[in-house]
Every structure is written in C-alpha cells, then in structure tokens.
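Report on the structure
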Amino acid sequence: MSDPLRPRASLRTAVVWDVLKDALERRVKAAGRDALDVLDTGGGSGNFAVPVARLGHRVTVVDPSPNALFALERRAAEAGVADRIRGVQGDAHGLFQVVERGGYDAVLCHGVLEYVDDPAEGLRNAVGALRPAGTLSLLAAGLGGAVLARALAGHFTEARRALTDPAGRWGEGDPVPRRFTAEQLTELVTGTGLQVGAVHGVRIFADLVPGVLVDTEPGALDALLKLEVAAAEQPAFHSVATQLHVLAERD
Ligand SMILES: C[S@@+](CC[C@H](N)C(=O)[O-])C[C@H]1O[C@@H](n2cnc3c(N)ncnc32)[C@H](O)[C@@H]1O
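Residues numbered from 1 in each chain as written. Predicted model: local features only at pLDDT ≥ 70, side-chain atom pairs only at ≥ 80, totals over all residues. Heavy atoms only, no water.

Brief notes about the sheet that holds strand S2 (residues 58-63)
Read from one edge to the other, the open sheet built from seven strands follows the order S3-S2-S1-S4-S5-S7-S6, with strand pairing classed as mixed. Two strands close off the open sheet at either side, each with one partner strand: strand S3 (85-89) and strand S6 (195-202). Each strand of the sheet is rotated relative to its neighbour by a mean of 15°, with strand direction disregarded. (Pairing = 2+ DSSP bridges. Helix = DSSP H or I, 4+ residues; strand = E, 2+ residues; numbered from the N terminus. Axes fitted to C-alpha atoms, helices over the stretch in contact; angles between N-to-C directions.)

Digging into the site of the ligand
In the vicinity of the ligand there are 14 residues, among which Gly-42, Asn-47, Asp-63, Ala-92 and His-110 approach most closely. Between the ligand and Asn-47 there is a distance of 2.8 Å, counted from an oxygen atom to a side-chain nitrogen or oxygen. Compared with its free state, where it exposes 600 Å², the ligand has 76% of that area covered by protein. Residue composition of the shell around the ligand, grouped by class: five nonpolar, seven polar and two charged. (Near = heavy atom within 4 Å. Polar contact = N/O pair within 3.5 Å; in protein donor to acceptor, adjacent residues only side chain to side chain. Areas by Shrake-Rupley, 256 points an atom, 1.4 Å probe, with all protein chains shown as cover. Nonpolar A, V, L, I, M, F, W, Y, C, P; charged D, E, K, R; others polar.)

So, the UniProt feature "domain: Methyltransferase type" (unreviewed entry) in the protein
UniProt marks residues 39-136 with the feature "domain: Methyltransferase type" (unreviewed entry), using the numbering shown here. Taken end to end, residues 39-136 comprises 30% helix and 29% strand; its first and last C-alpha atoms sit 10 Å apart. (UniProt positions renumbered as here; feature names shortened; annotations may be inferred.)

Here we look at unusual backbone geometry
One non-glycine residue, Arg-203, lies in positive phi territory at about 60°. The residue Arg-203 is located in the loop between S6 and helix H8 (211-216) in this model.

Focus on the packing of aromatic side chains
Following the criterion strictly, the structure yields one aromatic pair and no others. The positively charged end of Arg-101 is found above the aromatic ring belonging to Phe-96, 4.1 Å away from the centroid. Between the NZ or CZ atom of Arg-150 and the centre of the ring of Trp-170, over which it lies, the distance is 4.0 Å. (Phe/Tyr/Trp six-rings, centres within 6.5 Å; stacked < 30°, edge-to-face > 60°. Lys NZ or Arg CZ within 6 Å of the ring centre and 35° of its normal.)

A word on the side chain of Arg-27
Relative to the helices and strands, Arg-27 resides in helix H1 (residues 9-31). Residue class for Arg-27 comes out buried when judged on its relative accessible area of 8%. (Buried < 20%, exposed > 50% of the residue type's maximum accessible area, 1.4 Å probe, protein only.)

Focus: the domain arrangement of the protein
Domains assigned within the protein are domain 1 (10-142 + 180-250) and domain 2 (144-177). A separation of 24 Å is found between the C-alpha centroids of domain 1 and domain 2. Taken together, the nine residues of domain 1 in the interface contact nine residues of domain 2. Buried area between domain 1 and domain 2, both sides added, is near 650 Å², and the carbon and sulfur share of it is 69%. Among the residues domain 1 hides against domain 2, the three largest losses belong to Tyr-115, Leu-208 and Val-240. Together they make up 52% of the total. (Domains from an automatic or database assignment. Contact = heavy atoms within 4.5 Å. Buried area = accessible area lost by both parts, 1.4 Å probe.)

A few points about the packing of H1 against helix H9 (residues 220-232)
One way to put it is that H1 packs onto H9 with a least axis distance of 10 Å and a crossing angle of 30°. By the angle class used here, H1 and H9 are roughly parallel. Crossing of H1 against H9: the hand is right-handed. Note on element contacts: H9 touches H1 through Leu-221, Leu-224, Leu-225, Glu-228, Val-229 and Ala-232, opposite Ser-10, Leu-11, Ala-14 and Val-15. For the contact of H1 with H9, the per-class residue count stands at eight nonpolar, one polar and one charged. (Parallel < 35°, antiparallel > 145°, perpendicular 65-115°, else oblique. Left-handed = near helix turned anticlockwise from the far one by under 90°.)

Notes on the environment of Ala-71
You can see Ala-71 is positioned in helix H3 (residues 66-78). Accessibility expressed as a relative area gives 18% for Ala-71, which makes it buried. Along the chain, Ala-71 and Ala-92 lie 21 residues apart, while their C-alpha atoms are 20 Å from each other.

Details of the environment of Ala-82
If you trace the backbone, Ala-82 turns up in the loop between H3 and S3. Residues Ala-82 and Ala-231, spaced 149 residues apart in sequence, show a C-alpha to C-alpha distance of 36 Å. Leave out the neighbours within four places in its chain, and Ala-82 touches Ala-76 and Ala-77.

Structure below.
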C-alpha cells in the first residue's frame, strides 16, 4: 500500500494495511480459496479497495458519491485490476438494495461511521453482508486524537468543546460529523454479535509531528513508521489516536 512517490501517505495507512493484509491471509487459509469476496462500504476512490484487489481478491465498492466511483474506476484501470473491482452507487443504510446479504468473506468499513445517519444501523448492515465466517475491518475517527490536535495547534476552546461534545466535534467548522472512543467502537461491534479480535490506534504521532522533521532527517520516516506500529497495539495510546481500527470476526 505504501506509495514510494508519496512516502508520507504510508504513515496514514501502514498500520491498517498490515492488520488487514494479515487478516485476509488468515481468511484465505480458513476459506481454502485464494480469491476472497470483499465488500468495501463507503470505499470511495479505492484507497483500500485497489490494493486489496491487487492481492487477487474480488472487491465490491459501495459508495453514494458518483465522483468517488468515477475516480475508483480510473484508479482500478491504472492498477490493472479493473476486472476485480466493481463500483456500485449505494449507501450503508440501503446496503442490501445493491449487494447480497451474507455474500462476503470480508467487509471493510473505513472512515464511514463518522458520516452515516445511524452508525449502529450502518454497522449492522456491514456485518449483515458477511458470510457465516467473515472478517470486519472497521476504521473510524478517534475522539482523543482530535482533542490533542486542536490543543497542540493552540485552539484550546475547540479542544475542550470536542472533549465535551457528544459527537466529539470541535465546532461548527469541523468537517467530521462524529468521532468515537475505542470503547464506543468496540461496543458498536459487539452489539452486532461479532467478536472483537484486535483494536489498533492509527496515526498516533504522524499528524502531530512537524513535516520538516520527517522530510529532512534521514531515516526519520522509517523510524516514525516503526514507532506508529509499536504504539498502535498499546491501549494507552488508543485514547490519543487520530483514528481507531477494530478487527472483528463472526466466530
Ligand atoms: C473519508 S471517506 C473514506 C473513503 C475510504 N473508505 C477510505 O478509507 O479511503 C468517506 C466515504 O464515505 C462515503 N459515504 C458517506 N456517506 C455514506 C453512507 N451513508 N453510506 C456509505 N458511504 C458513505 C463517502 O462518499 C466517502 O467516499
């Protein structure tokens, strides 16, 4: 997933990608098939769908945005995986109007629960798309990371507002409608009947470190990536992560 032309992009995706790749490998072994059926709800322009298809899996992306689906089609073609990616216009709430219930080995729900009308229902639908044995990869904005980022930027009132706001928003100008704690996300997941396998903090340091330190110091990017990976699993750091990733299975 890391893009050699955009090395800093790897900071945002490395932890999730490592966890997801391992989970898909385990699912391949358990299913006894090399190619899995993967659903990416709110998959957008294919940040994850394209690399998953490059592993040989068949990916269906459901997204309400025609622009995102257009970009997805172009990216899939450029990556040579157009035959393994299907983009469908649809919504997490009306998911089964466009995809089959119980038809997927793995479902990705990355950066979507922040935006849906009802996160519990959106997640129930994502889980409803899983086969009896299936893997859910859930990624959502973390509350503590936003509080910390606003405070370190000197926006103390906004930081306090995010901390006390029920949706974790720092103000009217906040582009993210909703953020979550690790406890809220795991509760949402267990509420669907799945078992939580692992929780990881994502972008714990990456968004706080001045770019110049990473871009100019030799070896700094690699060292920061290793630090992100080492801290990701430690519950103490979940409360300050920009995003939280939950991996869950049906059995
Ligand atoms: C932050 S982007 C994440 C895109 C992609 N999953 C990723 O990780 O790069 C949020 C995506 O959710 C989609 N979205 C917004 N509302 C949605 C809904 N109700 N159901 C499904 N997707 C939705 C948007 O169109 C957008 O592509």
